[in-house]
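# Commentary on secondary and tertiary structure
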Amino acid sequence: MRTMKLALAALVFASIGLGAAYAGETRAQQILDRFQHANLWRDHVMVVAHRSGGLQHGNTLFPENSLAALKASIAAGAEMVEVDVRRAGDGTLIVMHDSWLDRTTTCRGEVVKYKLEQLRQCYLVVERTGQPTGETVSTLREFLAAARDRILVNIDNKLTVADLPDMIAVARDLGMTEQVVVKENLWNAARMAETGRAMREAGGGFQFMPIIADDAVRDPAFVRAVADRFAPHAMEMINWRDGAATLTATGGPLFSGHMRAAAIRGDWHIWADTYAIVNKPGGFLAGGRGDELATAAGMPAESWGFWVDRGATIIQTDEPAAAVDWLAANGWRVPYGQGRTSGPTATASIN
């Protein structure tokens, strides 16, 4: 009996210690734990806000890639924001999707024709309405600083692979390398080698995620080779729609049973993209099963639910608030602060 009491007391103290340690972590550290341990969190689907997440239920509320959208995505419970990075004319790394300023700001012309001090006069506009806001173009440094300790940042490099080290250097200078996830498209051995060189130059401490698209990659063996080479915590998988009138019934080769098995063996997340692309068919990156199907058509189970059923544990969307709400309502969100859902040796489950 005495032995049992001592064991129970030890368990209680261990639980208290674990809770205290977890409570002492920042939210970004809690998110990072789930990102880095995919097999322990396959019952939780993480949400990434595309271009920081300016949409809510089909209505554009904030400019894309804005600090206002960042704050809203944090409030909605998203785990990560995706931002696009370019250079101003003076070489400063800035947050901007297009190579021209016309669509997203009050200025006109090519981004590279403007120095940072000139971009300070370019106000971000709300897409669709064109309504100017009081926010100007952010530098990468400013955006990362605003996200510190609160959310992970996924950098979409709109420059060259050789520019990646400079982006990592900004994060490192801020002490935020772990919060940053950088990514590059990989489709053959030469591209893997080029990216590997840039990663070595950038140094360690950050997260790298390959992007794999089924217009070029259909063989699970290549994906396994990428996993062996880079040991990523996630892989962004694209199922091209290619203008087909019908919705994908399977998710394509990158969402096959073989791929889900590879993800479990490698302990990495399968990442699906449901966001919309201007002037492209709905669900262009998701076999037609994109945000439009979830919100405008009112069929989230055929969009977000479809990808979860095919093993996706990260979804990048223009609708972070709606996605978080739907996933939570359907049992795919584990509240933060509850600790891990299974032990280190538990077998991961795929729905």
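First, a word on what this report is: a plain description of the structure on this page. For every chain, the first residue of the written sequence is number 1, and numbering continues from 1 along that sequence. Totals for whole chains, interfaces and linings use all residues, but because this is a predicted model, local features are given only for residues with pLDDT of at least 70 and pairs of side-chain atoms are given and counted only at 80 or more. No hydrogens and no water enter the side-chain calculation; it runs on all heavy atoms of the structure.

## Looking at helix α7 (residues 189-202)
- Under the scheme used here, helices are H or I runs from DSSP no shorter than 4 residues and strands are E runs no shorter than 2 residues, and both carry numbers assigned from the N terminus. To estimate the expected span of a helix, subtract one from its residue number and multiply by 1.5 Å. In this model α7 runs 20 Å from its N-terminal to its C-terminal C-alpha over 14 residues, within 8% of the 20 Å that 1.5 Å per residue would give.
- All of the buried residues in α7 are R191, M192, T195, G196, A198, M199 and A202. Taken end-on, α7 shows its buried residues confined to a sector of 165°, consistent with a single buried face. Summarising the geometry of α7, the exposed residues directed more than 90 degrees from the buried face are A189, A190, R200 and E201.
- Only heavy atoms matter for contacts: two residues are in contact if any of them lie within 4.5 Å across the pair. Packing partners of the buried residues in α7 comprise α6 (164-173), β9 (180-185), β10 (207-213) and α8 (220-230).
- Here a polar contact is taken to be a pair of N or O atoms separated by no more than 3.5 Å, where protein atoms must pair a possible hydrogen donor with a possible acceptor and residues adjacent in sequence count only if both atoms sit in side chains. For α7, the N-terminal cap is N188; the gap from its side-chain oxygen to the backbone nitrogen of A190 is 3.3 Å.
- Once α7 finishes, G203 follows within two positions and takes phi at roughly 85°, a positive value. A simple rule labels every residue: compare its accessible area, found with a 1.4 Å probe on the protein chains alone, to the largest value its type can have, and call it buried under 20%, exposed over 50%, or partly exposed in between. What the arc describes is the spread of directions from the helix axis to the C-beta atoms.

## So, the state of the cysteines
- Cysteine sulfur atoms that pair up within 2.5 Å are treated as a disulfide. Tallied over the full model, the rule gives one disulfide.
- Between the sulfur atoms of C107 and its disulfide mate C122 the distance is 2.1 Å. The sign of the S-S torsion, about -100°, decides the handedness of the disulfide formed by C107 and C122: left-handed. With C107 in the loop between β5 (93-95) and α4 (116-119) and C122 in the loop between α4 and β6 (123-126), this residue pair connects regions lying 15 residues apart in the sequence.

## Topic: the pairing of β6
- Of the strand pairs in this sheet, β6 and strand β7 (residues 131-136) are connected by three bridges, and their pairing is antiparallel. Bridge pairing links Y123 to T136 in β7.
- Two strands make a pair as long as DSSP finds a minimum of two bridges between them. Between β6 and the antiparallel strand that follows it, β7, lie four residues; R128 among them carries a positive phi value of about 80°.

## Describing the pattern of salt bridges
- Salt bridges are identified by distance alone: a Lys or Arg side-chain nitrogen within 4 Å of an Asp or Glu carboxyl oxygen. A complete count under the given rule lists 16 salt bridges for this structure.
- Between E79 and R333 there is a salt bridge, with its nearest N and O atoms 2.9 Å apart. Taken as a pair, E79 in the loop between α3 (67-76) and β4 (80-87) and R333 in the segment after α12 (320-329) lie far apart in primary sequence, 254 residues in all.
- Where R191 meets E194, a salt bridge forms, and the shortest distance between an N and an O atom there is 3.5 Å. Of this pair, R191 and E194 both sit in helix α7, three residues apart, which is roughly one turn of the helix.
- Beyond isolated ion pairs, a larger network of salt bridges with shared partners links R51, E64, D98, R103 and E127.

Honestly, that's just the spatial picture; any functional story needs more than this.
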